[in-house]
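Notes for the structure review
Each chain, letter by letter, is given below.
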Amino acid sequence: MTVNPRAGAPSRRRFLRGSLGASAALAAGPALVGCATSQVRSARNAGTEPVPWPEYVPVEGPRPDLPPDPRGVDAGFLRYPDHLVSSVPERPGSGQTVTAMVETYEAPPRGPGANRYWAALNEALGVDLKLQLVPSGNLSAKLATMMASGDMPDLVMVRNWIPRVADYAANVAADLSEHLSGPAVRDYPNLANLPTYAWRDMGLMGGRIMGVPITRPRTGSTILSNREEMTELAEGTYNDWTAEEFTDTLKRGTGGKKYGFGVASGGWLFGVPLLSSWHGAPNLYGMRDGAFVKAELTEEYRAAVEFARRLHVTEKVYYPGTATMPTETMKSLFFNGTVRAQLDNLPGYQAANIAVGDAFTVDLLRPPTGLGAGATSHFSGGTYGYTLLKPGPPERITLMLRIINYLAAPFGTTEYERTYYGVEGEHFERVDGDLELTELAKTENPSTVPVRYITAPPPVHFYPGNPDAVRRVHAFQTQDVETGIAPLTSGLVVRDALRPYTRMRKLFEDAVISVVQGHDSMKKWDEAVRTWRTQGGDQVDAELAEEYAAVNQT
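Residues numbered from 1 in each chain as written. Predicted model: local features only at pLDDT ≥ 70, side-chain atom pairs only at ≥ 80, totals over all residues. Heavy atoms only, no water.

1. A short note on the overall build of the protein chain
Looking only at helices and strands, the protein chain has 18 helices and 16 strands in total. The C-alpha atoms of the protein chain give a radius of gyration of 23 Å, which matches the 24 Å a tight globule of 554 residues would have. Considered along the principal axes of its C-alpha atoms, the protein chain spans approximately 65 × 60 × 35 Å. A total of 554 residues make up the protein chain; the buried ones form 60% of that total. Of all intrachain contacts in the protein chain linking residues separated by at least 6 positions in sequence, the fraction that spans at least 24 positions is 80%. (Helix = DSSP H or I, 4+ residues; strand = E, 2+ residues; numbered from the N terminus. Rg over C-alpha atoms; globule rule 2.2 N^0.38 Å. Buried < 20%, exposed > 50% of the residue type's maximum accessible area, 1.4 Å probe, protein only. Contact = heavy atoms within 4.5 Å.)

Structure follows, in structure tokens:
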């Protein structure tokens, strides 16, 4: 979500899906609970009769100042709406206890007895919401333990890339198809308001709807810049440049303990996935001559690796230690002006505007011309993950869905205000027709009490007191969407259990790092491509193609 001023999460997490994207389910994982003595149901959709996706029915609310585009432009609000609407006529619960396991990037919050935000949310939901908080780095291990134990909370947040999670969902979680498929979702108006791309990115499992997506913007990674400095360095070509002019700008920005470009460690890979879109490479996979083609196997992706190598080895524009630089350290270098431009994403853009204040204008760089087949924009699937429900009697499933429906209330509703901003007078004030967050909101918010990882409404742009930042990002998305490519692998499930996911993901990651740093020539990259082809990669491609055809029947 890009609206909560305190909700900007560390940007490295966005690329954990890496070049294998939605193919992560091909890893082996823990045994499925309850399946040792019964037939295991495959999560694959090939050979099934998939249920219809939930209908899309927008919730009527305040009119945005800058309009959305369902292809991938989020609505923009320059000021907080004067009048809110209600999207949930009655409290979901009546005093029940509800347990939820969710990921967190924050220190553990105080409980609802000493946390006014949590207490107010419990009151609004009508339940005692007990959260089992799992640090981000431990999520996969925690889920593996839960999957093996058979002990499932009422709500469980998962990620697509976690090994065998789709099979777990198909066999153990509640089947929500009769509640959410087609027109049935109208019983939960805020879930009907979720964009179809989010449902598709979560995907069907065995042809059924087994969860509720956690919606995020479709805009993928982008380069944030210090606009004033980069404009001066660009010498009249800023954001309307050729590849050579872009490179020359980064070179002029490097020197005297300052550097043109910074990329954090982790799955960012020197920015090669983004640079591949500048060269016209597919988004994770492409359809060429009627066949699925992995992006890394294309000439455009290879050219992006070479381009990054040139920026690092020849032009030396990357900040030193880029391959191992922690995300927060790189952010700090951008905020203090040491790095002129930094690879990040939309939540990172919002966080940067807050951190930088008036020191400089945080802008979003547009791709240069003159590279490969021409620049495209690689959209994300549009989700962070999804939430599974514990099986139970119909009234219990309905309660869980009513709670999730409340948490999915869109911007401009009273429910959204309670979920994302807390209590007026305690967590925020209305000042001159806008919102101003209090000090308490820094420690009590939907990130520290991480209900935003149970589900999330359609993203919008609203940065209190900074309408120009809203205009910039909306203009960027408006141009970005014209060349946007969604990942074909959204929601697909493959089952090549013979190949450990980590090793196959690292095949290309290690090659990028070695080549871009200059430790190996492009022969290292070519070897990685051959390894993929000769060790079963073509089988994965074929499974994906079959799965794509099955999912896109509807």
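Resuming the write-up.
2. Digging into the nonpolar core
Nonpolar side chains in soluble globular proteins tend to be buried together. Among the nonpolar cores identified, the biggest contains 137 residues, and Leu-180, Leu-191 and Trp-525 are the most heavily contacted of them. Beyond its immediate chain neighbours, meaning those up to four positions away, Leu-180 contacts Pro-54, Val-185, Tyr-188, Leu-191, Trp-199, Ile-209, Gly-211, Val-212 and Leu-401. (Core = buried A, V, L, I, M, F, W, Y, C linked by side-chain atoms within 4.5 Å.)

3. Observations regarding the sheet that holds strand E3 (residues 127–135)
The sheet built from 5 strands is open, its strands ordered E3-E2-E4-E12-E5 with mixed pairing. Single-partner strands in this sheet number two, and they are E3 and strand E5 (212–215). Within the sheet, the average angular offset between the axes of one strand and its neighbour, ignoring direction, is 25°. Here strand E2 (residues 96–104) runs beside E3; their pairing, made up of 9 bridges, is parallel. Looking at the pairing, Val-98 lines up with Leu-129 of E3. Packed on one face of the sheet, helix H2 (residues 139–149) meets E2, E3 and strand E4 (155–158) and runs near 135° to E4. (Pairing = 2+ DSSP bridges. Axes fitted to C-alpha atoms, helices over the stretch in contact; angles between N-to-C directions.)

4. Regarding the pairing of E2
The parallel pair E2 and E3 is bridged by helix H1 (residues 116–125), and the resulting crossover is right-handed. As paired elements, E2 and E4 share 2 bridges and run parallel to each other. Within E4, the residue paired with Met-101 across the bridge is Val-156. (Right-handed = clockwise from strand over helix to strand, strands pointing away.)

5. Considering the side chain of Thr-455
By the secondary structure assignment, Thr-455 is in the loop between strand E14 (434–437) and strand E15 (460–461). A relative accessible area of 0% means that Thr-455 is categorised as buried. Within the local environment of Thr-455, its side chain forms a polar contact with the backbone oxygen of Pro-213, the two atoms lying 2.9 Å apart. The residues touching Thr-455, leaving out its near neighbours within four places in the chain, are Leu-194, Val-212, Pro-213, Ile-214, Ile-404, Leu-407, Ala-408 and Tyr-420. (Polar contact = N/O pair within 3.5 Å; in protein donor to acceptor, adjacent residues only side chain to side chain.)

6. Considering helix H10 (residues 299–314)
The periodicity of an α-helix, 3.6 residues per turn, causes residues three or four places apart in sequence to face the same way. Given a rise of 1.5 Å per residue, 16 residues ought to cover 22 Å, and the 21 Å separating the end C-alpha atoms of H10 matches this to within 8%. Where H10 is concerned, the buried positions are Glu-300, Tyr-301, Arg-302, Ala-304, Val-305, Phe-307, Ala-308 and Leu-311. One or two residues past the end of H10 sits Lys-316, with phi positive at roughly 55°. (Expected span 1.5 Å × (residues − 1).)

7. Things to note about the layout of surface pockets
There is about 660 Å³ of room inside the largest pocket. What lines the largest pocket is a set of 27 residues, and nearest its centre among them are Tyr-56, Pro-68, Ala-75, Asn-193 and Pro-458. Residue composition of the lining of the largest pocket, grouped by class: 18 nonpolar, 5 polar and 4 charged. (1 Å grid on protein atoms, 1.4 Å probe; cavity = no way out; pocket = protein on both sides within 12 Å on 5 of 7 lines; lining within 4 Å. Points joined across faces, edges and corners; volume = space filled by probe spheres on them. Nonpolar A, V, L, I, M, F, W, Y, C, P; charged D, E, K, R; others polar.)

8. With respect to the packing of aromatic side chains
The full count for this structure, using the stated rule, is 25 aromatic pairs. Centre to centre, the rings of Tyr-80 and Tyr-421 are 6.0 Å apart; their planes meet at 80°, and the pair counts as edge-to-face. With a gap of 341 residues between them, Tyr-80 in the loop between strand E1 (75–76) and E2 and Tyr-421 in helix H14 (residues 414–421) connect regions that are remote in the sequence. Of the two residues examined, Tyr-80 and Tyr-421, each falls in the buried class. Here the aromatic rings of Phe-292 and Tyr-548 are separated by 5.4 Å at their centres, their planes lie at 65°, and the arrangement is edge-to-face. Here the residue Phe-292 occupies a position in strand E8 (residues 291–294), and Tyr-548 occupies one in helix H18 (residues 537–551), the gap between them amounting to 256 residues. The buried category is assigned to Phe-292, whose relative accessible area is 6%. Exposure remark for Tyr-548: the relative accessible area of 24% places this residue in the partly exposed category. (Phe/Tyr/Trp six-rings, centres within 6.5 Å; stacked < 30°, edge-to-face > 60°.)

9. As for the packing of H10 against helix H17 (residues 522–534)
Relative orientation of the contacting elements H10 and H17 amounts to 150°, with a least axis distance of 11 Å. In terms of orientation, H10 lies roughly antiparallel with respect to H17. Relative to H17, the crossing made by H10 is right-handed. Across the interface between the two elements, Tyr-301, Arg-302, Val-305 and Glu-306 of H10 pack against Met-522, Trp-525 and Asp-526 of H17. Across the contact of H10 with H17, the residue classes tally to 4 nonpolar, no polar and 3 charged. (Parallel < 35°, antiparallel > 145°, perpendicular 65-115°, else oblique. Left-handed = near helix turned anticlockwise from the far one by under 90°.)

10. Some remarks on the sheet that holds strand E9 (residues 341–344)
One open sheet accounts for 3 strands, arranged E9-E6-E10; its pairing is antiparallel. Single-partner strands in this sheet number two, and they are E9 and strand E10 (362–364). The average undirected angle you get between the axes of adjacent strands in this sheet is 35°. Here 4 bridges tie strand E6 (residues 222–226) to E9, and the two strands are oriented antiparallel to one another. Directly across from Thr-222, in E9, lies its bridge partner Asp-344. Each of E6, E9 and E10 touches helix H11 (residues 327–335); the most contacted strand, E9, lies at about 145° to it.

11. Looking at the pattern of salt bridges
Counted according to the given criterion, the structure contains 30 salt bridges. Here Asp-69 and Arg-71 are joined by a salt bridge, their closest N and O atoms 2.9 Å apart. By relative accessible area, Arg-71 is classed as partly exposed at 41%. Taking the shortest distance from any N to any O, the salt bridge between Lys-442 and Glu-439 comes out at 2.8 Å. Of the residues examined, Lys-442 reaches a relative accessible area of 40% and is grouped as partly exposed. (Salt bridge = Lys/Arg side-chain N within 4 Å of Asp/Glu carboxyl O.)

12. Focus: the environment of Phe-411
For Phe-411, the position within the fold is in the loop between helix H13 (394–407) and H14. A residue is classified by how much of its surface remains accessible, and Phe-411, at 6% relative accessible area, is buried. Those residues within four positions of Phe-411 in sequence are excluded, and the remaining contacts are Pro-62, Phe-77, Tyr-80, Pro-81, Tyr-416, Tyr-421, Val-460 and Phe-462.

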